[in-house]
Amino acid sequence: MDQLGNTFSYRVNDCSPDGWARVEYRHQVLGSLVKQVFIPLNHSAEEQRGAIAMQFPSTAFHARYLAMLAREAALAPASLEGQLTYRIDRPMEDPVGLPVETPKV
């Protein structure tokens, strides 16, 4: 995921006379989402575009982004090889994986 891009496009579908419309927001990688939004039809084209942008479903696209990151970062061991020390002659003095307790002063 080198270049995710932050450009989204939209398409207005099924706009009613009272201003409610189904808007499809699209992203090249994250796909598309359809949301019911209100467009103030009695305002300028710039204000209508602003209304569509203000109702952008950012939370839903962010959830898709996080899901995509989770799929790409599959869980795996941090290291496939390593070393450890273990006192085979005195197993209770140095148990594996447990921190050595330090005396309190």
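Everything below is about the structure shown above.
Residues numbered from 1 in each chain as written. Predicted model: local features only at pLDDT ≥ 70, side-chain atom pairs only at ≥ 80, totals over all residues. Heavy atoms only, no water.

Draft legend 1. Structural view of the environment of V12. Along the chain, V12 turns up in strand β1 (residues 8–13). A relative accessible area of 36% places V12 in the partly exposed class. For the pair V12 and K35, spaced 23 residues apart in sequence, the C-alpha separation works out to 9.8 Å. The residues touching V12, leaving out its near neighbours within four places in the chain, are A21, R22, V23, I39 and I52. (Helix = DSSP H or I, 4+ residues; strand = E, 2+ residues; numbered from the N terminus. Buried < 20%, exposed > 50% of the residue type's maximum accessible area, 1.4 Å probe, protein only. Contact = heavy atoms within 4.5 Å.)

Draft legend 2. Looking closely at the sheet that holds strand β3 (residues 31–38). Spatial strand order, β1-β2-β3: three strands in an open sheet with antiparallel pairing. The open sheet terminates on both sides in strands that have one partner only, identified here as β1 and β3. Sheet twist, expressed as the average angle between the axes of neighbouring strands with direction ignored, equals 25 degrees. One ladder, built from six bridges, connects β1 with strand β2 (residues 20–27); its direction is antiparallel. Residue pairing in the sheet places V12 in a bridge with V23 of β2. The sheet contacts of helix α1 (residues 45–54) involve β1, β2 and β3, and relative to β1 the element is tilted by about 110 degrees. Each of β1, β2 and β3 touches helix α2 (residues 58–72); the most contacted strand, β3, lies at about 165 degrees to it. (Pairing = 2+ DSSP bridges. Axes fitted to C-alpha atoms, helices over the stretch in contact; angles between N-to-C directions.)

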